Amino acid sequence: MAPDFRSLSDAALWYGDWLRGAALPLWSTAGLDAARGSFQETLTVEGVPAGEIRRSRVQTRQAWVFATAAAQGWGEEYGEIARRAFDFHRAHYRRPDGLYARAADAEGRVTDPTPLVYEQAFALLALAGLQAAGLGDHAAEAQALLASMAALRHPGGGWREAGEHPFQANAHMHLLEAALAWEAAGEGSWAAVADEIVALALGRFIQDGLLREFFDEAWRPLPDRDGGLIEPGHQFEWACLLDQWARRRGRTDLAPVIKGLFAGGLRGVDPQRNVAVGAIWPDLGVRDPVARLWAQTERLRAALAFGTEAQALEAARGLAGFLDTPRAGTWRDKLRADGSFVEEPSPATSLYHLVAGLLPLLTLPH
């Protein structure tokens, strides 16, 4: 039974116990392939590894998670887990051109060599996490990866993604996140990357106050159904990243844009289930009622930054239901419109969202 928090202090205490006492210990043991040092793609809700193919993003997100846990003082052993995992990732996923492949099997044999911008962004974030935790100097390695990404550049600005949506906001969002993390680590050269992406976001991605997802080669929102995709979780996520950028640049004039994104995300919250839905239309009608766990973590993070205490508390309550599983430390990923969860393993990638969303709550002054 998910808890009904009475205060943010209650929520912070409960989530701190869940994250430090259950989730991190579970994913650093059952969720870790100890023989190789790499991470499992999924665990069942009972805590048993499931799935053979391991995407690059799983390895890098989990490396960031455990490097961040070490930096927070939650366990010295987590730093070595993060370092070893990235060593495995570097040795097995890196292509001859310096970019990272999309996926490999449990042995580290590449199964999909596609060098997605998305995967490179998380490799850069993991390196920044290792740097911040004092787990080596990775600044030159990150710069080398960024240089290799020149092959993915789009002549019209930004980066071109592989796959059916080559011009998309999401890959740029995570690249902005990595650039800001490197800036925070004292590497000022990353400011140019962050500034370019923010300019693209303000000039192209955000239309009528809402963040769009897919574009044509001139960075114009697609006119078809995909062009009408609005994800509440990404409204929250972009609001937080733009706020970080604006604070570093002293751009107080962006406050209305940032708060507008937060308000747009809130329009995608279903009051009956108290969750952010998967997608809405530009007219704010529900497009996809299925609620993903990651969007709830971003709702919480944004509510703590821009909302009222009551809004943050509601977000904390909404997220908790996803963590009510047979084995503490696992989670449900998808909540249907009828209030039932999809029965499937817990994706490792969600731990990155959970740590990022819960950190502001756990570090609140009490």
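Residues numbered from 1 in each chain as written. Predicted model: local features only at pLDDT ≥ 70, side-chain atom pairs only at ≥ 80, totals over all residues. Heavy atoms only, no water.

> Looking at this structure, I do not really get the side chain of Thr 349. What am I missing?
Relative to the helices and strands, Thr 349 is located in the loop between strand E16 (346-347) and helix H12 (350-362). Non-local contacts of Thr 349, meaning those with residues more than four positions away in its chain, are made with Arg 55, Arg 57, Val 58 and Arg 61. (Helix = DSSP H or I, 4+ residues; strand = E, 2+ residues; numbered from the N terminus. Contact = heavy atoms within 4.5 Å.)

> Could you clarify how one ought to interpret helix H1 (residues 8-27) in this entry?
It helps to recall that an α-helix has 3.6 residues per turn; residues three or four apart then point in one direction. Leu 19 marks the point of greatest bend in H1, at about 35°. When we look at burial in H1, the residues that qualify are Leu 8, Ala 11, Ala 12, Tyr 15, Gly 16, Trp 18, Leu 19, Ala 22, Ala 23, Leu 24, Leu 26 and Trp 27. (Bend = angle between axes of the 7 residues up to and from the residue. Buried < 20%, exposed > 50% of the residue type's maximum accessible area, 1.4 Å probe, protein only.)

> Looking at this structure, how should I read the packing of aromatic side chains?
One pair of aromatic rings is described through two measures. These are the centre distance and the angle between the planes. Inspection of every chain in the model, using the stated rule, returns 20 aromatic pairs. On the numbers, 5.5 Å between centres and 85° between planes, the contact of Phe 167 with Trp 219 is edge-to-face. Of the two residues, Phe 167 is situated in the loop between helix H5 (139-148) and helix H6 (169-184) and Trp 219 in the loop between strand E9 (210-211) and helix H8 (232-249); the sequence distance between them amounts to 52 residues. Each member of the pair, Phe 167 together with Trp 219, is buried. Between Phe 205 and Phe 215 the ring centres are 5.1 Å apart and the planes differ by 35°, which places this aromatic pair in the tilted class. On the criterion of sequence distance, the pair formed by Phe 205 in helix H7 (residues 191-205) and Phe 215 in the loop between E9 and H8 is long-range, its members being 10 residues apart. (Phe/Tyr/Trp six-rings, centres within 6.5 Å; stacked < 30°, edge-to-face > 60°.)

> Sorry, what's going on with empty space enclosed by the protein here?
Sizing a probe to match a water molecule and rolling it over the atoms shows the empty space that remains. Taken as a whole and assessed by the stated rule, the structure comprises 1 cavity of 30 Å³ or more. Taken together, Met 173, His 174, Glu 177, Glu 237, Leu 241, Arg 301 and Tyr 352 make up the full set of residues lining the largest cavity. In terms of residue count, H6 provides more of the lining of the largest cavity than any other element does, 3 residues in total. Considering only residue class, the lining of the largest cavity consists of 3 nonpolar, 1 polar and 3 charged. (1 Å grid on protein atoms, 1.4 Å probe; cavity = no way out; pocket = protein on both sides within 12 Å on 5 of 7 lines; lining within 4 Å. Points joined across faces, edges and corners; volume = space filled by probe spheres on them. Nonpolar A, V, L, I, M, F, W, Y, C, P; charged D, E, K, R; others polar.)

> Before we go on, may I ask you to explain the packing of helix H2 (residues 56-71) against H12 in this structure?
The packing of two helices is summarised by the inter-axis angle and the distance between the axes. Between H2 and H12, the least distance of the axes is 8 Å, while the angle of their chain directions is 35°. Here H2 runs over H12; the crossing is left-handed. Contacts between H2 and H12 involve Arg 61, Gln 62, Trp 64, Val 65, Phe 66 and Thr 68 on the former and, on the latter, Leu 351, Tyr 352, His 353, Val 355, Ala 356 and Leu 359. Among the residues forming the contact of H2 with H12, the class breakdown is 8 nonpolar, 3 polar and 1 charged. (Axes fitted to C-alpha atoms, helices over the stretch in contact; angles between N-to-C directions. Left-handed = near helix turned anticlockwise from the far one by under 90°.)

> Sorry if this is basic, but what is going on with the environment of Arg 248 here?
Inspection of the secondary structure puts Arg 248 in helix H8. With a relative accessible area of 45%, Arg 248 lands in the partly exposed category. As for Arg 248 and Leu 180, which are separated by 68 residues in sequence, their C-alpha atoms are 9.2 Å apart. In this structure, Arg 248 is in contact with Leu 180, Glu 183 and Ala 184, ignoring residues within four places of it in sequence. Here Glu 183 takes part through its side chain, which lies 3.3 Å from a polar atom of the side chain of Arg 248. (Polar contact = N/O pair within 3.5 Å; in protein donor to acceptor, adjacent residues only side chain to side chain.)

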